[in-house]
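Structural features, examined
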Amino acid sequence: MTDAEDLRRRTAELLAAHPPTRLPPPPSNEGPAGPRLWSETERLDFLRARFDAGLAWVHFPEGLGGLDAPRSLQAVVDAELTAAGAPDNDPGRIGIGLGMAAPTLLRFGTDEQKQRLLRPLWTGEEVWCQLFSEPGAGSDLAALATRAVREGGDEAGSGGDWIVDGQKVWTSSAHLARWAILIARTDPDLPKHRGISYFICDMTDPGVEVRPLRQITGEAEFNEVFLTGVRIPDSRRLGAVGEGWKVAQTTLMNERVAIGGSRIPREGGMIGVAAADWRARPDLRTHDLHQRLLTLWVEAEVARLTGERLRQQLTKGQPGPEGSGMKLAFARLAQEISGWEVEFLAEDGLTYDDWTMRRPDGVDFTGREAGYRYLRAKGNSIEGGTSEVLLNIVAERVLGLPPEPRTDKDVAWKDLPR
């Protein structure tokens, strides 16, 4: 049974085999050595070794980056490596792979898929994106129209290829991605939730075209993706044919936990930036702004502690609909805190560093100016499931309230009005 002491020993052995280098001392030979540095080659070698040692996701199976240990013990490894100055895998850049693709692969992937895909996913050598939303299927994702038609295969319904045609939208990191998790319609004669299958799409296929979507921030971290005759081997299907919605639920629940339930310290994240602004600018303080900041601080702390409880629940199994509540809270707080900050900073809150069209690697909610946070937070109530949809999930699946009437549950997708 792996325990905290065993993990500390394994972590020490990893660091002994891959010690961080240091800058040489100043020419005068006075003063301490410089900061710890890793070349890109050393960084990648370390991350691969960490994965192979089972210290990437300690709760994953042995051989797949883990040790079959309790999920809660991951914090032990992370603390030891942070204290030693070890490099991380740049989680902000590969968040879709870590938070959505990996848990779905673990639950539904074949042994071959797991062995091939999980290691470069975790090290960041292969970036992932999510091909779910479509122009006519966002909030009602199950209405998606992207088609996957089988070509070849055996009488048992396996093998061959799937030819995929359609359009996806709001795809974060598509311009960086090597792989995508994709849901497509494989049987239009079935009701919309039952005629979907789940695939792994090679983003380097010549039939994949990625176009930038410029956002209100001036940047294009999102994309639209056009799929034209994309050939996906049946060996890259996750789950059974027609059960893609079931597989997608695992992805979506993990996505909402990843967005709304990330671990932050007390007064961390956006509320920490707002509090720092308040302390730095006494000349801008008013009684009303003070009261509002206090309320937001308390709500942010409640959300943080609720997230800690949710992560403790995750140690006992897969995420449930409670993650939708965390994502709801995150979106509301991000928008209210960024709005407070812009109002508090007055004309300084309206400044913006650069409207140049860029395609960033990720989102930086705390390292940019207030104007960026205010604009970017507007998308928080849309991405990862709109707040309206998540309210329905919380009402029906957490609180047990009666579901809204549905007239399309048993109607073939091809017969639905569009």
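1. Let's talk about the overall build of the protein
Within the protein one finds 11 helices and 10 strands. Counting only C-alpha atoms, the protein reaches 75 × 55 × 45 Å along its principal axes. For the protein, with 418 residues in total, the buried portion stands at 50%. Surface summary for the protein: the accessible area is close to 20100 Å², and the carbon and sulfur share equals 53%. Positive and negative charge centroids in the protein, built from 51 and 62 side chains respectively, lie 2 Å apart.

2. Focus on the nonpolar core
Trp57 and Trp128 are the most contacted members of the largest nonpolar core, which has 52 residues in total. Elements with a minimum of two residues in this core: α1 (4–17), α2 (40–52), α3 (74–83), α4 (95–108), α5 (111–123), β6 (179–185), β7 (196–202) and α6 (244–260). No other element matches α4, which puts 7 residues into this core. The residues contacting Trp57, other than those within four sequence positions of it, are Phe51, Leu64, Gly65, Gly66, Leu67, Gln74, Leu98, Ala102, Leu118, Leu121 and Trp122. Core analysis: the second largest hydrophobic core is formed by 20 residues, Met270, Ile271, Ala300 and Ala303 among them.

3. Some thoughts on the pattern of salt bridges
With the rule as written, the count across this model stands at 38 salt bridges. Counted as one network, the salt bridges with shared partners bring together Asp6, Arg9, Arg10 and Glu13.

4. Some thoughts on α4
For α4, with 14 residues, the first-to-last C-alpha span of 19 Å sits near the 20 Å given by 1.5 Å per residue. Burial within α4 is extensive, with 11 of its 14 residues counted as buried. Among all positions of α4, only Ile96, Gly97, Leu98, Gly99, Met100, Ala101, Ala102, Pro103, Thr104, Leu105 and Phe108 are buried.

5. Comments concerning the state of the cysteines
Inspection of every chain in the model, using the stated rule, returns 0 disulfides. Of the cysteine sulfurs around Cys129, a residue in no disulfide, the closest is that of Cys201, at 7.7 Å. Look at Cys201 and you get buried, because its relative accessible area is 0%.

6. A short note on a nonpolar patch on the surface
Taken together, the side chains of Val398, Leu399 and Leu401 define a hydrophobic patch exposed on the protein surface, amounting to about 280 Å² of accessible area. Along the polypeptide, Val398 turns up in helix α11 (residues 387–398).

7. Thoughts on unusual backbone geometry
Here Trp170, not a glycine, exhibits a phi torsion of approximately 60 degrees, which is positive. Mapping Trp170 onto the fold places it in the loop between β5 (161–168) and β6. At Glu267, a residue that is not glycine, the phi angle is positive and equals roughly 60 degrees. Assignment of secondary structure puts Glu267 in the loop between α6 and α7 (269–280). On the basis of relative accessible area, Glu267 is assigned to the partly exposed category, the value being 27%.

8. A word on the packing of aromatic side chains
For the structure on display, the rule yields 11 aromatic pairs. Aromatic side chains Phe330 and Phe365 sit 6.4 Å apart centroid to centroid with 80 degrees between the ring planes, which places their arrangement in the edge-to-face category. Linking Phe330 in helix α9 (residues 322–345) with Phe365 in the loop between α9 and α10 (370–376), this pair joins segments that are 35 residues apart in sequence. Residue Phe330 is classed as partly exposed on the basis of its relative accessible area of 25%. Arranged with centres 4.9 Å apart and planes meeting at 10 degrees, the rings of Trp340 and Phe344 form a pair that is stacked. Within this pair, Trp340 and its partner Phe344 are both found in helix α9, separated by 4 residues, close to a single helical turn. Take Trp340: its relative accessible area is 1%, and that puts it in the buried class. Cluster of aromatic residues (ring-pair linked, three or more members): Phe51, Trp57 and Phe60. Seen from the ring of Phe226, Arg211 lies directly overhead, with NZ or CZ sitting 4.0 Å from the centre.

9. Re the side chain of Asn380
With respect to the helices and strands, the residue Asn380 is situated in the loop between α10 and α11. When sequence neighbours within four positions are dropped, the list of residues in contact with Asn380 reads Lys327, Phe330, Ala331, Ala334, Gln335 and Phe365.

10. So, the packing of α4 against α5
It is the contact of α4 with α5, at a shortest axis distance of 11 Å, that shows an interaxial angle of 165 degrees. Taken as axis vectors, α4 and α5 run roughly antiparallel relative to one another. Crossing handedness for the pair α4 and α5: left-handed. Contacts between α4 and α5 involve Gly97, Leu98, Ala101, Ala102, Leu105 and Leu106 from the first element and Lys114, Leu117, Leu118, Leu121 and Trp122 from the second.

11. Here's the deal with the pairing of β7
Most of β7 is tucked away, with 7 of its 7 residues classed as buried. Neither face of β7 is left uncovered, since the one carrying Ile196, Tyr198, Ile200 and Asp202 and the one carrying Ser197, Phe199 and Cys201 both have all their residues buried. Bridge count between β6 and β7: 7 bridges; the pairing is antiparallel. From the neighbouring strand, Ala180 faces β7, where its bridge partner is Cys201. Note: β7 against strand β10 (residues 237–238), 2 bridges, orientation antiparallel. Residue pairing for β10: Phe199 is matched across the bridge by Arg237.

12. Brief notes about α11
Within α11 the residues assigned to the buried category are Ser387, Leu390, Ile393, Val394 and Ala395. Backbone geometry just after α11 places Gly400 at a positive phi near 75 degrees.

13. Points about the environment of Arg373
Examined against the element boundaries, Arg373 turns out to sit in helix α10. Among residues more than four places away in sequence, those in contact with Arg373 are Met270, Val273, Ser338, Glu341, Phe365, Thr366, Gly367 and Arg368. Among the polar contacts listed, one links the side chain of Arg373 to the backbone oxygen of Phe365, at a separation of 3.3 Å.

Reading guide: rules and limits
Residues numbered from 1 in each chain as written. Predicted model: local features only at pLDDT ≥ 70, side-chain atom pairs only at ≥ 80, totals over all residues. Heavy atoms only, no water. Helix = DSSP H or I, 4+ residues; strand = E, 2+ residues; numbered from the N terminus. Buried < 20%, exposed > 50% of the residue type's maximum accessible area, 1.4 Å probe, protein only. Areas by Shrake-Rupley, 256 points an atom, 1.4 Å probe, with all protein chains shown as cover. Lys, Arg positive; Asp, Glu negative; His and termini not counted. Charge placed at Lys NZ, Arg CZ, Asp CG, Glu CD. Core = buried A, V, L, I, M, F, W, Y, C linked by side-chain atoms within 4.5 Å. Contact = heavy atoms within 4.5 Å. Salt bridge = Lys/Arg side-chain N within 4 Å of Asp/Glu carboxyl O. Expected span 1.5 Å × (residues − 1). Disulfide = S-S within 2.5 Å. Patch = residues over 30% accessible without salt bridge, like charges linked within 9 Å, V, L, I, M, F, W, Y side chains within 5 Å. Phe/Tyr/Trp six-rings, centres within 6.5 Å; stacked < 30°, edge-to-face > 60°. Lys NZ or Arg CZ within 6 Å of the ring centre and 35° of its normal. Axes fitted to C-alpha atoms, helices over the stretch in contact; angles between N-to-C directions. Parallel < 35°, antiparallel > 145°, perpendicular 65-115°, else oblique. Left-handed = near helix turned anticlockwise from the far one by under 90°. Pairing = 2+ DSSP bridges. Polar contact = N/O pair within 3.5 Å; in protein donor to acceptor, adjacent residues only side chain to side chain.

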